[in-house]
Amino acid sequence: DRAIALEWRDDRGPEVSSVESGHETTIETMGGGRRGVRFRADRVDRDGLGTDYKTGKPVSTDKTAGTRRRKLLSAILEGRLLQGPAYALELGRGRYLHLDPDLSDEIAVVEVEDDAEVRRRFETATSIIEAAWSRGVLPPRLETTKGDEPRTCEYCDFHMACLRGDSGARRRLVELAATEAAAGASILADIWDPGGRGSVGIEEQGA
């Protein structure tokens, strides 16, 4: 009902081309090559707009568009919202459509354009993920850059076998990531803090 209210309010909605359709985009590897990544789009319209439906909380409920965009870019860099950028890069435009009826229209619809900032963050995040996957470096990220435990820990399928509740182990992982970051390029450091990649973090370069 919420999707219909947002998209078909005048009985003339978008011209849908496909639903649950498979696509592929390419990402850059740390070795300088390219690798194909397949994804499934919830909905693609004839004008090249890819829509990803969301039933959970939006990345931001802030009133200002600038703040919402900054939080979106941060989520892309952290690898938490990659569908929208993949749609944008491959199909032309992407967006998230949040179906919570209590959200205002401007919060419910999150547009993702194929611009330089979106592309740079998407490529950084996916290159880190690809390198970690290829090399088998998959440590738990038990602390955000703000010092909090990630919300994903609350519903992770592996939390019973994790060091999540061990403050000493958590602190040692944080210190190891910091040491690795100070020593130079490190997959562990990149996973822990993707914004710190290189001598100047992406978030410091402006958004």
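Relevant structure appears above.
Throughout what follows, the structure given in this document is the object of discussion. (Residues numbered from 1 in each chain as written. Predicted model: local features only at pLDDT ≥ 70, side-chain atom pairs only at ≥ 80, totals over all residues. Heavy atoms only, no water.)

## Overview of the pairing of strand S4 (residues 93–98)
Most of S4 is tucked away: five of the six residues are buried. Bridge count between strand S3 (residues 49–54) and S4: six bridges; the pairing is parallel. Counterpart to Thr-51 in the pairing with S4 is Arg-95. Both S4 and strand S5 (residues 109–113) contribute to a ladder of five bridges, which runs antiparallel. Its bridge partner lying in S5, Arg-93 is registered against Glu-113. (Buried < 20%, exposed > 50% of the residue type's maximum accessible area, 1.4 Å probe, protein only. Helix = DSSP H or I, 4+ residues; strand = E, 2+ residues; numbered from the N terminus. Pairing = 2+ DSSP bridges.)

## A few points about the environment of Asp-1
With respect to the secondary-structure elements, Asp-1 resides in the segment before helix H1 (2–7). The class of Asp-1 is exposed, set by a relative accessible area of 83%. Sequence spacing of Asp-1 and Gly-79 is 78 residues, and the spatial spacing of their C-alpha atoms is 30 Å.

## What to know about the sheet that holds strand S2 (residues 34–45)
If you trace the five strands from one edge of the open sheet to the other, you get S1-S2-S3-S4-S5, paired in mixed fashion. Bordering the open sheet on either side are strand S1 (16–28) and S5, each of which pairs with just one other strand. Sheet twist, expressed as the average angle between the axes of neighbouring strands with direction ignored, equals 35 degrees. (Axes fitted to C-alpha atoms, helices over the stretch in contact; angles between N-to-C directions.)

## A few points about the side chain of His-98
Relative to the elements of secondary structure, His-98 occurs in strand S4. Leaving out residues up to four positions away in the same chain, His-98 has contacts with Arg-2, Leu-6, Lys-54, Gly-56, Lys-57, Pro-58, Leu-103, Ile-107, Ala-108 and Val-110. (Contact = heavy atoms within 4.5 Å.)

Take it as geometry only, folks, not as evidence of what the structure does.
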